[in-house]
Amino acid sequence: MSAIAADRKQASDRKPARDRKLTRAVVSSDRRFAALSHGLLILWSVIVIVPMLWVLVSSFKSTSEILSSPFTLPDHWRIENYEHAWTDANIGKFFLNSVIVVVCALFLVMLLGAMCAYILARFEFPGRRVIYYVMLAGLTFPVFLAIVPLFFQLQNFGLLNTRPGLILTYVAFALPFTMFFLYAFFRSLPHDVYEAAQIDGAGEWRAFFQVMLPMARPGMAAVAIFNFLGLWNQFLLPVALNTDQDKWVLTQGMAAYASSQVYDIDYGALFAAIVITVVPVLVVYIIFQRRIAGSVSQGTFR
């Protein structure tokens, strides 16, 4: 009996030792993984931030300074580069066109996308599943395949080379993603709140706009940011469907300005125009970045 007890004691002594070794191995592995991931994040941050800072500093230089000493601070900070970009290159007019088109398209796509997602998520009716998957199929359709049909369609309706035509095109291509994103949010909202609103006498429209839509505010904010980024940086659709120079958006104006100067390029004004283009996107993202965290969820049909 004493021998058995001694064996059991030795086994119990060896077990905590194995557990400690296993714990140390796991901790060491976690530390190596954390160090590797942090190193990759730092490298990625440097790759992204350094070019942005270089463009920002270069926007205050003259062309000769940029070519002779591209990585030094300017001797004289040339604020007039932004004035030249805003007026001489018509960046101000293109900026205004972009604001009008993107804001209108964003408002329409958020309104229509929220209504569509709400109906598909909260109500049962024949064809609901078909509509959902047809909308999802729109996410897989490449934009460039629709350029020629869109061109003739807008021409037949008299909307070619107009802001309303470009706005409607933006809405059509952003609507499937908006519906797909918001579907999960409306699906997860408690049904008891909706029933309480109906008991209090709220109709369908009032229940949607005053009760259900405010509850989906985190998802609305997140998808609005993604849509804004995509619409603001859109280039292919405006180039093909908006050839009237007075109605050009910012991406068209930037491309035309960069290619028009050929060998006599004012790099300072060009970099200033790039900064003007990027700043609205950065401002919107910085203000609403917290809305994205925790708001991205998959829209699965149930």
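Here, the structure is the one placed above.
Everything numeric in this text was worked out from a predicted model, so none of it was measured.

K.L.:
Help me out: how do you make sense of the environment of Met212 in this one?
P.N.:
Residue placement: Met212 occurs in helix H9 (residues 204-215). In contact with Met212, other than residues within four places in its own chain, are Tyr118, Arg122, Phe186, Leu189, Pro190, Tyr194 and Ala207.

K.L.:
Looking at this structure, how should I read the nonpolar core?
P.N.:
Soluble globular proteins tend to pack their nonpolar side chains together in the buried interior. One finds Ile91, Met179 and Phe186 to be the most contacted residues of the largest nonpolar core, which totals 72 residues. Here this core gets 13 residues from one element, more than from any other, and that element is helix H4 (residues 91-122). The residues contacting Met179, other than those within four sequence positions of it, are Gly113, Cys116, Ala117, Leu120, Tyr132, Met135 and Leu136.

K.L.:
When you look at the packing of helix H8 (residues 191-199) against H9 in this model, what are you seeing that I'm missing?
P.N.:
Packed helices, taken two at a time, are described by their axes: the angle between them and the distance between them. At a minimum axis distance of 10 Å, the contact between H8 and H9 shows a crossing angle of 145°. Where H8 crosses over H9, the two elements pack in a sense that is right-handed. Residues Val193, Tyr194, Ala197 and Gln198 of H8 pack against Glu204, Ala207, Val211, Met212 and Met215 of H9. Grouping the constituent residues of the contact of H8 with H9 by class yields seven nonpolar, one polar and one charged.

K.L.:
How should empty space enclosed by the protein be read in this particular structure?
P.N.:
If you walk through the whole model with that rule in mind, you get one cavity of 30 Å³ or more. Space inside the largest cavity adds up to approximately 40 Å³. Along the walls of the largest cavity sit Ser98, Val102, Tyr170, Leu231, Trp232, Gln234, Val249, Leu250 and Thr251, which together make up its complete lining. If you list the elements that add at least two residues to the lining of the largest cavity, you get H4, helix H10 (217-232) and helix H12 (250-260). Of the residues contributing to the lining of the largest cavity, the split by class is six nonpolar, three polar and no charged.

K.L.:
What is the right way to read the packing of H4 against helix H5 (residues 128-137) from this model?
P.N.:
One way to put it is that H4 packs onto H5 with a least axis distance of 10 Å and a crossing angle of 140°. In terms of orientation, H4 lies oblique with respect to H5. Crossing geometry of H4 relative to H5 is assigned as left-handed. Facing Cys116, Leu120 and Ala121 of H4, the residues of H5 in contact are Arg128, Ile131, Tyr132 and Met135. Residue classes in the contact of H4 with H5 are distributed as six nonpolar, no polar and one charged.

K.L.:
What am I meant to see in the packing of aromatic side chains here?
P.N.:
For any two aromatic rings, the description comes down to two numbers: the centre-to-centre distance and the angle of the planes. For the structure on display, the rule yields 22 aromatic pairs. Where Phe94 meets Trp248, the ring centres are 5.9 Å apart and the plane angle is 45°; that geometry is what we call tilted. Of this pair, Phe94 sits in helix H4 while Trp248 is found in the loop between helix H11 (236-241) and H12, placing the two residues 154 residues apart along the sequence. Here Phe94 and Trp248 have matching classes, each one buried. Taking the centre distance of 6.3 Å and the plane angle of 85° together, the rings of Phe177 and Phe226 count as edge-to-face. A residue pair is termed long-range when its members are at least 10 positions apart, and Phe177 in helix H7 (residues 163-188) and Phe226 in helix H10 qualify at 49 residues.

K.L.:
How should I be thinking about the side chain of Asn81 in this particular structure?
P.N.:
Its place among the elements puts Asn81 in helix H3 (residues 80-87). For Asn81, a relative accessible area of 1% corresponds to the buried category. Residues in contact with Asn81, not counting those within four places in the same chain, are Ser59, Phe60, Lys61, Gly268, Ala269 and Ala272.

K.L.:
Sorry if this is basic, but what is going on with H9 here?
P.N.:
Residues spaced three or four apart along an α-helix face the same direction, because each turn holds 3.6 residues. In this model H9 runs 15 Å from its N-terminal to its C-terminal C-alpha over twelve residues, within 8% of the 16 Å that 1.5 Å per residue would give. Along H9, the residues classified as buried are Ala207, Phe208, Val211, Met212 and Leu213. Buried positions along H9 lie against H4, H7, H8 and H10.

K.L.:
Any chance you could explain the environment of Phe95 here in plain terms?
P.N.:
Tracing the backbone through its elements, the reader meets Phe95 in helix H4. Counting along the chain gives 156 residues from Phe95 to Thr251, while the straight-line C-alpha distance between them is 9.0 Å. Leaving out residues up to four positions away in the same chain, Phe95 has contacts with Trp86, Trp232, Leu250, Ile276 and Pro280.

Reading the values: the criteria
Numbering of residues begins from 1 in every chain and follows the order in which that chain's sequence is written. Only residues with pLDDT of at least 70 get local features here, since the model is predicted, and only at 80 or more are side-chain atom pairs given and counted; chain-wide, interface and lining totals rely on the full set of residues. Heavy atoms throughout the structure, all of them, feed into the side-chain values; hydrogens and water do not. Note on conventions: DSSP H or I runs of at least 4 residues are helices, E runs of at least 2 residues are strands, and numbering of each starts at the N terminus. What makes two residues a contact is simply this: any of their non-hydrogen atoms within 4.5 Å. Within this scheme, the nonpolar core is defined by two criteria: the residues are buried Ala, Val, Leu, Ile, Met, Phe, Trp, Tyr or Cys, and they are joined through side-chain atoms within 4.5 Å. For every residue, the accessible area (1.4 Å probe, protein chains only) is compared with the maximum for its type, and the residue is labelled buried under 20%, exposed over 50%, or partly exposed between those bounds. Throughout, an axis means a line fitted to C-alpha atoms (over the contacting stretch in the case of helices), and angles, computed between N-to-C directions, take values from 0 to 180 degrees. Should the near helix be turned anticlockwise from the far one by less than a right angle, the crossing is left-handed, and should it be turned clockwise, the crossing is right-handed. For this classification, Asp, Glu, Lys and Arg are treated as charged, while Ala, Val, Leu, Ile, Met, Phe, Trp, Tyr, Cys and Pro are nonpolar and the rest, including Gly, are polar. Computed over the protein atoms alone on a 1 Å grid, cavities are sets of points where a 1.4 Å probe fits but cannot get out and pockets are open sets with protein on both sides within 12 Å along at least five of seven lines; a residue lines them when it has an atom within 4 Å of a point. Grid points are joined across faces, edges and corners, and a volume is the space filled by probe spheres set on the points. In what follows, roughly perpendicular refers to angles from 65 to 115 degrees, roughly parallel to angles under 35, roughly antiparallel to angles over 145, and oblique to any angle outside these ranges. Two aromatic rings, drawn from Phe, Tyr or Trp (for Trp, its six-membered ring), form a pair once their centres lie within 6.5 Å of each other, and the interplanar angle then sorts them: stacked below 30 degrees, edge-to-face above 60, tilted otherwise. Under the convention used throughout, the expected extent of a helix is 1.5 Å for every residue step, that is, one less than its residue count.

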